[in-house]
Amino acid sequence: MGWTSRQKIWTEHLRFKPSEGSNGEDDFKYRSYGLYLQDTWTISDKAELSLALRGSKVTTDFTGQFLKKNEIDEWIVVPRMHFRYDHNEHLVSRFSAGQGYRSPLTFFESEHGIIGPDGFAIEVDKIEKSNNISYALSYDTEKMSVTGSLSYTDVKNLAYIDDDDGDRPTLKNYHDRTAVINADITASYQLTPALNITTGFEYYNYDTDYKDLLAIAAVEKQARIALDYKQNGWEGFIQGTWTASRNLAPYGYNDRYNDEDLKIPKKTKAPSFAVVDAKLSKDITKNLTFYVGVKNLFDYVQADKESPLFYDADDEYDVGHIWGPLRGRMSYAGIRAKF
């Protein structure tokens, strides 16, 4: 039984300035100063408890908006906990809970400001905050590994784009709480000393408000299977990922049309689809490796089924009707060197 401890002090600075030709509405300065403390308590040979506390001073100044200085200026303290229990040599339970945070300033949220001639407006004044609780049960042997997990996350002050108040999209905080439940299971088996197979399934349940605020329809069910090969300097990998069909209407995808006359409606149910990725590499020398690979091997793209372009009920034009891959097959090759 005993304690170990770690402490860390960090500083983050981030400045974003769009490319030449932009109107500057996306400019921002982000700073974070913080302290991170963690202790680990070995309760017994089977149980271990880790506690952490993170404190930060976070500021975000959207300099292109000419509003007040530092639209976001907050102190935040977040606790985190992780408990591990070894039931026996093969079975392990992990329980964790804690809080997270993020200042809303990503490119995805502000991309409308780059695209639109008048830029975007800023009405965010809060950090996104989340509470998470999760449990995982793992079973491991020499050849097999299986892990199942369940987690619940609620988010407050979720950042979203509101384009219903006029021609200028506005970045806002949603001050009510939204929630996501996630369940997944992953299993792997060593078929031979050189060949391993991995399968997995993920399920996400988003509450109604969360779906309505997302700009892109989220994945709700997804399964994957992968083969890994490693022997005599050769490494191979191939993975197939299947995404289940889903109802697009809760994400705001209804009342959209393919034509300016609003006579041909867009789909409100996304079809299921599968994507395959593969990679092969060979060690040429101890420090030199050659590799080739391909992503989206069978070139599945949404545009072959349905365009992401659409007209809304007000006859406005937009480009965000997205439920599948927009990038087709991509091949690559290279040499990796280690010194």
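These notes cover the structure that comes with them. Just so it is clear, the structure is predicted and the values come from calculations on it, not from any experiment.

**What to know about the pattern of salt bridges**
Across all of its chains, the model carries 8 salt bridges by this definition. For Asp86, the salt bridge identified is with Arg84, shortest N-O distance 3.0 Å. Taking the shortest distance from any N to any O, the salt bridge between Arg224 and Glu202 comes out at 3.6 Å. In this pair, Arg224 sits in strand S11 (residues 221–231) while Glu202 sits in strand S10 (residues 195–206), placing the two residues 22 residues apart along the sequence. By relative accessible area, Arg224 is classed as partly exposed at 26%.

**As for unusual backbone geometry**
In the Ramachandran plot, Asn232 falls in the positive-phi region, its phi being about 50° despite a non-glycine side chain. For Asn232, the position within the fold is in the loop between S11 and strand S12 (234–243). A positive phi angle, close to 60°, is found at Asp299, a residue other than glycine. Looking at the secondary structure, you find Asp299 in the loop between strand S17 (288–295) and strand S18 (310–312).

**Looking at the side chain of Ser134**
Within the fold, Ser134 resides in strand S7 (residues 128–140). Reaching out from Ser134, the side chain makes a polar contact with the side chain of Ser96 at a distance of 2.6 Å.

**Regarding the layout of surface pockets**
The computed volume of the second largest pocket comes to approximately 210 Å³. Every residue lining the second largest pocket is counted, 14 residues in all, and those nearest its centre are Val219, Gln222, Thr243, Phe273 and Pro325. Mapped onto the lining of the second largest pocket, the elements with two or more residues apiece are S12 and strand S16 (273–283). Looking at the lining of the second largest pocket element by element, the count peaks at 3 residues for S16. For the lining of the second largest pocket, the class distribution of residues is 8 nonpolar, 4 polar and 2 charged.

**Looking at the nonpolar core**
Counting residues in each nonpolar core, the largest one holds 19 residues, and the members touching the most others are Leu158, Tyr206, Leu248, Tyr251, Tyr253 and Trp323. The element contributing the most residues to this core is strand S8 (residues 144–162), with 3 residues. In terms of nonpolar packing, the next biggest core, distinct from the first, is built from 12 residues, Leu105, Phe120, Val124 and Ala159 among them.

About the criteria used
Residues numbered from 1 in each chain as written. Predicted model: local features only at pLDDT ≥ 70, side-chain atom pairs only at ≥ 80, totals over all residues. Heavy atoms only, no water. Salt bridge = Lys/Arg side-chain N within 4 Å of Asp/Glu carboxyl O. Helix = DSSP H or I, 4+ residues; strand = E, 2+ residues; numbered from the N terminus. Buried < 20%, exposed > 50% of the residue type's maximum accessible area, 1.4 Å probe, protein only. Polar contact = N/O pair within 3.5 Å; in protein donor to acceptor, adjacent residues only side chain to side chain. 1 Å grid on protein atoms, 1.4 Å probe; cavity = no way out; pocket = protein on both sides within 12 Å on 5 of 7 lines; lining within 4 Å. Points joined across faces, edges and corners; volume = space filled by probe spheres on them. Nonpolar A, V, L, I, M, F, W, Y, C, P; charged D, E, K, R; others polar. Core = buried A, V, L, I, M, F, W, Y, C linked by side-chain atoms within 4.5 Å.

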